[in-house]
Every structure is written in C-alpha cells, then in structure tokens.
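# Structural overview
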Amino acid sequence: MTGGSNLSPETLAIGHGYDPATALGAAKPPAYLASTFVYPSAQAAKDLHQAFFDGADNGATGYIYGRLGHPGLDIVETRLAALDRGEASAIFATGMAAISAVFLAFLAPGDVILHSRPVYGGTDMLITSELSRLGIRSVGISDGIDRSALMRDAEAAADAGPVRVIWAETPANPTAALVDLSLLGEAADRIAERQGFRPLIGIDNTFLGPFVQTPLALGADLCMTSLTKYAGGHSDLLAGGISGSEQLISRLKAFRTLVGSTLDAHSAWLLARSFETMALRTERAADNAAKIAATLRGHPKVASVTYVGFTPHQSVLERQCRGAGSTFSFRLSVDEAEGEAAAFRLLDALKVMRVAVSLGGTETLICHPATTTHYAVPRERRVAAGITDATLRISVGLENVRDLTSDLETALEAV
Ligand SMILES: *Cc1c(COP(=O)(O)O)cnc(C)c1O
C-alpha cells in the first residue's frame with residue numbers, strides 16, 4: 001500500500017492533503033467551523049447523497065453535514081494515510097473511538113479477538129466488559145516474541161473461534177515488550193488454514209507513531225494511533241486515527257457516521273498544524289529520553305528502567321522500528337511496602353516535570369501508574385504487567401535535557 005506519493009514523510013507532514021487553491025489561496029488550511037454545508041442546487045443535493053450513500057459514480061463532490069465528513073477532516077486523513085503508508089485513513093474523536101470502531105465494525109457475537117498483553121487500559125476494559133457482554137471472546141498472547149508460544153495461543157484462539165481480529169500493541173506500555181510482526185502474520189496464516197479466512201491484524205502504534213514505526217509496511221491490515229499523544233503533541237486535543245486499505249477504511253467511516261464519533265473541525269485544524277512539527281518533536285523527545293533513561297539506569301535509587309531501547313530483542317527492534325520512542329517507566333530501589341510513599345515523595349519534589357497522565361506532549365509528564373493509569377486494574381494483574389507500587393512512568397518532552405535530568409536527580413534525593 002502506498003500513501004500516493006514517494007516524498008519523504010517529513011515533507012508530506014507539512015502540506016500533503018491541502019491545496020491553497022481550494023481556500024482563496026490561504027497558505028495554511030483554514031478552520032472550517034461549519035456543521036452543515038449549502039448545496040448549489042436541489043439536484044446537486046440529490047446527486048451528492050447518491051454518491052455518498054450508494055457510491056454512485058456521478059461526479060458529485062462536496063460536503064453534506066459535519067458528522068459525515070468535512071474539509072478539515074479530509075486534510076488530516078489524507079496526511080495521516082500518507083504518513084502511515086496506507087491507502088486511506090479514518091480519524092475519530094478519540095483514540096478509544098477509533099479502537100471501538102474496529103472492534104464493533106469487524107467483530108460479531110461468537111467471534112474471538114486474539115490480543116497482545118498488556119494492552120492500553122481502555123482497550124483492556126473494552127475487551128473484558130463491552131465485547132464480552134456482546135458474546136465476543138478474547139484470548140491473550142502470552143509472549144509475542146516466542147514463535148511456539150504464539151502459535152499455541154493462535155491455536156487456542158482458533159479452537160474458540162472464529163477469530164476475526166488480532167490486536168497488538170508493540171511496544172507495550174509500560175513493559176516495553178515487543179510483538180514480532182512477522183510472527184503475528186504467521187499466526188494469522190495458521191488461523192486462516194483452520195477457519196478458511198484470515199483475521200485482520202490491527203496494531204496500536206500510539207507509543208512510537210508513524211515516524212518511528214509503520215506497521216502497514218510490515219504486514220498489518222490496520223494501524224491505529226491515538227493522535228491525542230505524539231501527533232497532537234501539545235496536550236490540547238483528543239483524536240484517534242486508523243489507516244489501512246480503502247475497503248476497510250470505508251467500512252470504518254460508515255460505522256463512524258452512525259455512531260457519531262467523527263473528529264470535530266477545530267481539533268482537525270489543530271491536528272493539521274501539529275503534524276507539521278511531528279518529525280522534529282519525535283526526534284528531540286527520543287534524544288532526550290535516551291539520555292534520561294541512561295541517567296536513571298546508572299542511578300543508585302533506581303532498581304530498573306523499562307525503556308524500549310534496552311530491549312533484549314534488539315534484532316526485532318531494528319527490523320520493526322526506527323527508534324525507541326520517548327515514553328518509558330522505571331522502578332525505585334525501595335521495599336515494595338515503601339514504594340507508593342517513595343514515588344509520591346519524588347513526584348512532589350519535581351519542579352520542571354509535571355505530574356499528569358497522558359504522553360507525547362511538548363512538556364515532560366510523569367505519573368505513578370498504580371494509583372492513576374492502572375488504578376482500576378487489580379493488583380495481581382498490575383504487578384504481572386510490571387507495575388509495582390514503586391513504578392513511575394515518564395513521557396519525555398522537548399525541554400532542555402540538562403534541566404530535566406537535574407530536576408529528576410534532585411527529586412530522587414527526596415526518595
Ligand atoms: C491514549 C491511548 C489510547 C487511547 O487514546 P485516547 O485518544 O485517549 O482515546 C489507546 N492506546 C494507547 C496506547 C494510548 O496511549
């Protein structure tokens with residue numbers, strides 16, 4: 001699949017999808033803040049509806065009503081598709097709206113979803129509560145790097161099947177565990193032999209983003225990104241995108257029109273602007289993160305650092321990724337019973353880093369997962385996922401790395 005151009009992603013991120021001739025020559029895309037669009041004539045209205053709902057090839061183009069699509073949405077979808085190297089993209093109001101659309105549009109009662117572990121908390125709850133309420137069962141992947149373990153999980157899923165979706169997050173948060181995408185393709189083939197059709201492979205690419213990892217080029221059918229994070233990049237918008245083939249994406253857009261989870265015009269405008277600096281931000285944040293991870297790894301008050309760059313599976317990392325991202329976790333070197341108090345002392349002593357959930361903003365954010373992002377996850381499952389009471393997660397931003405390092409080192413003294 002191609003993004004319709006052989007230009008580099010850094011170039012595509014600046015202007016792809018916007019033609020100034022469509023907007024009085026405005027050098028930058030305007031924010032089209034309109035919920036509805038005026039038809040030039042009654043016949044044009046009919047033609048447009050025929051084209052939109054029946055796919056009639058009558059040459060009609062234009063917009064109808066914001067929930068069905070709008071000019072700002074077209075710009076960001078065209079751009080995201082090019083960055084993800086997909087034929088098309090659909091952008092939703094949030095990342096969870098995008099994930100829900102995949103699950104609800106492609107799964108039916110009695111189906112099985114095979115998924116990596118751990119997955120994002122919202123995804124986990126969606127699978128275990130809403131999908132299971134609809135009679136959609138799930139099978140977890142125990143190890144995404146080990147071929148025989150993965151094939152066993154694939155067989156188990158096929159036994160319970162039909163398996164219609166394979167969903168993986170690689171690298172996983174906060175374990176930094178990788179899933180080998182070529183093995184995932186083999187698992188899909190194995191399942192296809194059993195049930196006569198191949199499950200869709202969807203990858204949550206939020207942690208690395210399109211400048212570091214392009215799952216569609218590695219055999220995935222769908223690439224999902226919470227654009228709230230690195231793409232938005234300034235912690236001031238919510239959005240979620242999915243790229244893939246024209247056929248799969250048009251199904252998701254039809255679903256989106258009915259559930260009403262379309263991205264709004266103002267967020268689309270912010271997002272188009274944010275894409276322009278995404279390559280630079282991604283690169284600087286990754287440089288800063290590598291330095292901070294190295295500082296923490298050698299620090300006497302830190303027991304371990306779970307950073308993708310430190311993975312023992314370097315060959316998988318090199319095959320799939322062009323970097324290690326800038327969000328990771330670390331564990332303080334204290335007794336488990338002391339973990340929460342020690343982590344709180346560190347957080348409250350920070351002057352530059354801000355204590356908040358989320359990631360991918362210009363500012364460095366840090367949080368205590370056990371009492372925030374994973375608050376609702378039972379302790380046993382939390383610890384199995386590598387989150388102890390002494391674990392902290394950091395999303396490294398674009399500040400001067402010396403300021404960040406000294407902020408962290410000073411705060412570690414309070415531990
Ligand atoms: C934040 C996040 C999501 C959900 O995105 P929202 O925009 O918050 O709905 C999904 N997956 C991962 C890995 C995330 O970090």
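Note that the structure is predicted; figures quoted are calculated from it, not measured.

In this section: the overall build of the protein chain. Counting its regular elements, the protein chain contains 13 helices and 12 strands. Its C-alpha atoms give the protein chain a radius of gyration of 22 Å, near enough to 22 Å, the size a compact globule of 415 residues would have. Its C-alpha atoms give the protein chain principal-axis dimensions of about 75 × 55 × 35 Å. Out of the 415 residues in the protein chain, the part that is buried amounts to 52%. Expressed as a percentage of contacts within the protein chain between residues at least 6 apart in sequence, the contacts between residues at least 24 apart total 72%. As presented, the protein chain carries roughly 17900 Å² of accessible surface, and 54% of it is formed by carbon and sulfur atoms. Both charge centroids of the protein chain, one from 35 positive and one from 44 negative side chains, sit 1 Å from each other.

Take the layout of surface pockets next. Of the pockets and cavities examined, the largest pocket occupies roughly 650 Å³. In terms of lining, the largest pocket is formed by 23 residues, of which the most central are F52, L68, G69, D74 and K253. Considering each element in turn, the lining of the largest pocket owes the most residues, 7 residues, to helix α8 (residues 246–259). For the lining of the largest pocket, the per-class residue count stands at 13 nonpolar, 5 polar and 5 charged.

Counting buried residues in strand β9 (residues 327–332) gives 5 out of 6 residues, a clear majority hidden from the surface. Here strand β8 (residues 302–306) runs beside β9; their pairing, made up of 4 bridges, is antiparallel. Within β9, the residue paired with V302 across the bridge is L332.

Right, let's get into the site of the ligand. Contacts to the ligand come from 13 residues, most closely from G95, M96, D204, T228 and K229. At 2.7 Å, a side-chain N or O of D204 approaches a nitrogen atom of the ligand. Take S226: an N or O atom from its side chain is 2.9 Å from an oxygen atom of the ligand. Surface burial for the ligand is 93%, taken as the share of its 380 Å² of free accessible area covered by protein chains. Counting residues per element, the shell around the ligand draws most heavily on helix α4 (residues 95–106), which supplies 3 residues.

Geometrically, a pair of aromatic rings is defined through the distance of the ring centres and the angle of the planes. Following the criterion strictly, the structure yields 5 aromatic pairs and no others. Plain terms: the ring middles of F37 and Y63 are 5.4 Å apart, the flat faces sit at 45° to each other, and that makes the pair tilted. Placement of the pair is F37 in the loop between α1 (9–15) and α2 (42–54) and Y63 in the loop between α2 and α3 (71–84), with a sequence separation of 26 residues. Between F52 and F53, the aromatic rings sit 4.9 Å apart at their centres with planes inclined by 70°, giving edge-to-face as the arrangement. Residue class for F53 comes out exposed when judged on its relative accessible area of 51%. Connected via pairs of aromatic rings, a cluster forms that spans Y307, F310 and F328.

All right, on to the UniProt feature "modified residue: N6-(pyridoxal phosphate)lysine" (unreviewed entry) in the protein chain then. Per the UniProt record, the feature "modified residue: N6-(pyridoxal phosphate)lysine" (unreviewed entry) sits at K229. Topologically, K229 is positioned in the loop between β6 (222–226) and β7 (240–244). Excluding anything up to four places from it in sequence, K229 contacts Y120, T206, S358, L359 and G360.

Spatially, the 7 strands line up as an open sheet ordered β1-β7-β6-β5-β4-β2-β3, and their pairing is mixed. Strands with a single pairing partner mark the edges of an open sheet, and in this sheet they are β1 (88–92) and β3 (137–140). Adjacent strand axes in the sheet meet at a mean angle of 20° when their direction is disregarded. Examined bridge by bridge, β6 and β7 share 5 bridges and lie antiparallel to one another. Bridging from a neighbouring strand, C223 pairs with S243 of β7.

Rules of the game
Residues numbered from 1 in each chain as written. Predicted model: local features only at pLDDT ≥ 70, side-chain atom pairs only at ≥ 80, totals over all residues. Heavy atoms only, no water. Helix = DSSP H or I, 4+ residues; strand = E, 2+ residues; numbered from the N terminus. Rg over C-alpha atoms; globule rule 2.2 N^0.38 Å. Buried < 20%, exposed > 50% of the residue type's maximum accessible area, 1.4 Å probe, protein only. Contact = heavy atoms within 4.5 Å. Areas by Shrake-Rupley, 256 points an atom, 1.4 Å probe, with all protein chains shown as cover. Lys, Arg positive; Asp, Glu negative; His and termini not counted. Charge placed at Lys NZ, Arg CZ, Asp CG, Glu CD. 1 Å grid on protein atoms, 1.4 Å probe; cavity = no way out; pocket = protein on both sides within 12 Å on 5 of 7 lines; lining within 4 Å. Points joined across faces, edges and corners; volume = space filled by probe spheres on them. Nonpolar A, V, L, I, M, F, W, Y, C, P; charged D, E, K, R; others polar. Pairing = 2+ DSSP bridges. Near = heavy atom within 4 Å. Polar contact = N/O pair within 3.5 Å; in protein donor to acceptor, adjacent residues only side chain to side chain. Phe/Tyr/Trp six-rings, centres within 6.5 Å; stacked < 30°, edge-to-face > 60°. UniProt positions renumbered as here; feature names shortened; annotations may be inferred. Axes fitted to C-alpha atoms, helices over the stretch in contact; angles between N-to-C directions.

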